[in-house]
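Fold and geometry: a report
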Amino acid sequence: MFVACATFVVITAGALVTSNDAGLSVPDWPTSFGYLVKVPHFVGGVRYEWSHRMVAGTLVSLTLAIAIWTLLVEKRRWLRWLAVGAFCTVIAQAILGGLTVLFFQPPAVSTAHATVAQTFFCIAVAIALFTGRKWVEEQPRIEFDQRRPSLTTLTWLSIFVLYVQLILGGMFRHHGMSWWPHVVHAVIVSLVLSWTAVRAISVYSNIEAVRRPAIVMLALLITQLCLGFTAFLTRVAWGRSAVQPELPMVVATVAHVAVGALLLATTVVLAIQVWRHVPAAFEERVPQSQQDVSAA
Amino acid sequence: MNTKISSRILVGTLALSSLLLTTACNKNTEQSTNKMADKEAAPAPAATPIDPATVATVNGSVKFDGTAPKPSKIDMSQDPACKGSNEAENIVVSGGDLANVFVYVKDGLGNRTFDVPKDPVVLDQSGCKYHPHVLGVMAGQTVQIKNDDQTTHNIHPTPKDNREWNESQPPSSPAIEKNFAREEIMLPVKCNQHPWMKMYVSVVKNPFYAVTDKSGKYEIKGLPPGDYTIAFVHEKLGEQDQKVTVAAKETKTVDQNFKAGGE
């Protein structure tokens, strides 16, 4: 849980870097002005970029510690692999951060850096969920899903559209494309996530593990839409000719990124809980040919 | 819900999302291709001689029609070393005279070539501002970048056709010397440490260029007689061209007006 919170801090710090156009204020990498940890003249964009690097470095150390601890203590093999995967992801993320500095923020690399950050956040949240007492001690309350599309399909579709939205938002933020695909796709995201949340809340309200993330997801979706609208106003509509990053734009865009990360992680939690508590009905899993054989 | 309808909705959602994603990827590929086009320029051939007895001059003034926007105040409080007041320089108008317009001979010189001046042009960072705000330079000519502030700046040109670079310059450090190989008009330069610091370098192949001063005036000297296209380029208001014919030893006045919105 601590690593997940630390990741959220790093994502917010990264959003501050982008919103303040400070990504290249420290021109070298992996050193910062020639040093690994020496505090530079702490002004302007350097404050954001250097702090982001230091918090991210701490997160790499924490993830390594978690991976080693999991390998030594954890009995579930798949969870050990997930912890190793988390460490590999955070290393890949650090390299992407370096590439974005060394190649002057190419939109594709900067967007990949933003996307992998949220992927790592989801992994950290998932590890926190899997290692939590509730997950370990709880007896899953299983209800087979007879509806089509199944809730499992809807949660996976929700994750997919959120990733697409993340990439579109990242490309816009890093000057790789216009704003309109991100705004148009927000309509699709809203519809898919609302469908998923309403289905989960209305049909499986008796399963707390499903109901709670569904409610949180819906609340975050509404918050995110409001923040997105504010970010659009402050950045695109009003802030186009701003001579420097203005505070309302910085606050709105950073909050939009942070709540976006929370929304994606909550959707992943919902997908995991649905997979655990609301599996697809048995018939769905058996190929038709085998069903015919068993019927005969 | 009917299985067929729900399947169609699912496939439709996936297709729409993928389509929007493809739009993003295509746009990025275009940009990458532009960056890849940044190849090394060939060495320039010997300069074509110009008879100094026949050269002409083009001068004039650039005006802004209508009410000029009030310059935005810049908050420099995030760095105590940035002293004094500062205002946005994106549109500088005084009594209708428009400053910081880059004026150059865009067309009409044919295949003439010109020697690159040995003397560098100076870009100074002082008061956490760039001086000048718009700088003209010939391709290959040295730009000498100085830091007169008691704070670290980083100089980061973001060109389309030249090589991008990003270097920090601490206080009292030696000047950085750079050049730009290819012609590029209004190449943005910024400081990522002080996000309000922005200026433009215009890189041209000929020495016939000028930047309008605070009174909106410019002068281009030493032009061989001929028919030319003179371009007036402003960072916000865009580009306007004028055809002009100059005879030997003639001094011709070519004025230009800009309207808000780049009309």
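Considering the overall build of chain B
- Along its length, chain B carries one helix and 19 strands.
- Going through the 263 residues of chain B one by one, you find that 44% of them count as buried.
- Taking as baseline every contact in chain B between residues at least 6 positions apart, the subset at least 24 positions apart corresponds to 62%.
- If you sum the accessible surface of chain B, you get close to 13200 Å²; carbon and sulfur atoms cover 52% of it.

Digging into the packing of helix H2 (residues 44-73) of chain A against helix H3 (residues 77-102) of chain A
Residues and elements named next belong to chain A.
- Axis separation between H2 and H3 bottoms out at 8 Å; the angle between their running directions is 160 degrees. Between H2 and H3, the crossing angle belongs to the class labelled roughly antiparallel. For the element pair H2 and H3, the recorded crossing hand is left-handed. In this structure, H2 contributes Glu49, Arg53, Leu59, Val60, Thr63, Leu64, Ala67, Thr70 and Leu71 to the contact, and H3 contributes Leu79, Arg80, Ala83, Val84, Ala86, Phe87, Val90, Ile91 and Val101.
- A per-class count over the contact of H2 with H3 returns 13 nonpolar, two polar and three charged.

Topic: the packing of helix H6 (residues 151-173) of chain A against helix H7 (residues 180-203) of chain A
Residue and element names in this part refer to chain A.
- Running from N to C, H6 and H7 point in directions that differ by 160 degrees, and their axes come no closer than 9 Å. The orientation of H6 with respect to H7, classified from their angle, is roughly antiparallel. Here the hand of the crossing between H6 and H7 comes out left-handed. Of the residues in H7, those touching H6 at Leu151, Leu154, Thr155, Leu157, Ser158, Val161, Leu162, Val164, Gln165, Leu168 and Gly169 are Pro181, His182, His185, Ala186, Ile188, Val189, Val192, Leu193, Trp195, Thr196, Arg199 and Ala200.

Quick notes on the packing of aromatic side chains
- Within this structure, the stated rule accounts for nine aromatic pairs over all chains.
- Measuring from ring centre to ring centre gives 5.9 Å for Phe8 of chain A and Phe121 of chain A, while their planes differ by 35 degrees; the resulting arrangement is tilted. Of this pair, Phe8 of chain A sits in helix H1 (residues 2-19) while Phe121 of chain A sits in helix H4 (residues 107-131), and the two are 113 residues apart along the sequence.
- Measuring from centroid to centroid gives 5.4 Å for Phe114 of chain B and Phe208 of chain B, while their planes differ by 90 degrees, and the two rings are edge-to-face. Taken together, the residues Phe114 of chain B in the loop between strand E4 (102-107) and strand E5 (121-126) and Phe208 of chain B in the loop between strand E13 (198-204) and strand E14 (209-211) connect sequence positions 94 residues apart.

Focus on H4 of chain A
- The end-to-end C-alpha distance of H4 of chain A, which contains 25 residues, comes to 36 Å, matching closely the 36 Å that a straight helix rising 1.5 Å per residue would cover.
- Of all 25 residues that make up H4 of chain A, 18 are buried, and the element is covered over most of its length.

Description of the confidence of the model for chain B
- Overall, the predicted model of chain B reaches an average pLDDT of 86, with 84% of residues at or above 70.
- Here residues 28-41 of chain B is modelled with pLDDT under 50, and outside its nearest four sequence neighbours on either side it reaches 18 contacts, counting other chains as well.

Some thoughts on the environment of Trp196 of chain B
- Note that Trp196 of chain B resides in the loop between strand E12 (184-190) and E13.
- Between the C-alpha atoms of Trp196 of chain B and Lys129 of chain B, which are 67 residues apart in sequence, the distance is 8.3 Å.
- Not counting residues within four places of it along the chain, the set of residues in contact with Trp196 of chain B comprises Val243 and Gln244 of chain A together with Ile74, Asp75, Met76, Gln78, Cys82, Asn86 and Cys128 of chain B.
- At 2.9 Å, the side chain of Trp196 of chain B and the backbone oxygen of Cys128 of chain B are in polar contact.

Some points on the interface of chain B and chain A
- Between chain B and chain A, the residue contacts involve 41 residues of the former and 41 residues of the latter.
- Taking both partners together, chain B and chain A bury about 3300 Å²; carbon and sulfur atoms supply 65% of that area.
- Taken together, the links from chain B to chain A amount to one salt bridge.
- When the shortest N-O distance is used, the salt bridge between Lys190 of chain B and Asp21 of chain A registers 3.2 Å.
- Along the contact surface separating chain B from chain A lie six residue pairs in polar contact (both at pLDDT 80 or more).
- Secondary-structure elements contributing two or more residues to the side of chain B that touches chain A are helix H1 (3-36), strand E9 (153-157) and strand E10 (167-169) of chain B.
- Classifying every residue of the side of chain B that touches chain A by side-chain character gives 14 nonpolar, 19 polar and eight charged.

Criteria and cut-off values
- Residues numbered from 1 in each chain as written.
- Chains lettered and ligands numbered in written order.
- Predicted model: local features only at pLDDT ≥ 70, side-chain atom pairs only at ≥ 80, totals over all residues.
- Heavy atoms only, no water.
- Helix = DSSP H or I, 4+ residues; strand = E, 2+ residues; numbered from the N terminus.
- Buried < 20%, exposed > 50% of the residue type's maximum accessible area, 1.4 Å probe, protein only.
- Contact = heavy atoms within 4.5 Å.
- Areas by Shrake-Rupley, 256 points an atom, 1.4 Å probe, with all protein chains shown as cover.
- Axes fitted to C-alpha atoms, helices over the stretch in contact; angles between N-to-C directions.
- Parallel < 35°, antiparallel > 145°, perpendicular 65-115°, else oblique.
- Left-handed = near helix turned anticlockwise from the far one by under 90°.
- Nonpolar A, V, L, I, M, F, W, Y, C, P; charged D, E, K, R; others polar.
- Phe/Tyr/Trp six-rings, centres within 6.5 Å; stacked < 30°, edge-to-face > 60°.
- Expected span 1.5 Å × (residues − 1).
- pLDDT = per-residue confidence, 0-100.
- Polar contact = N/O pair within 3.5 Å; in protein donor to acceptor, adjacent residues only side chain to side chain.
- Buried area = accessible area lost by both parts, 1.4 Å probe.
- Salt bridge = Lys/Arg side-chain N within 4 Å of Asp/Glu carboxyl O.

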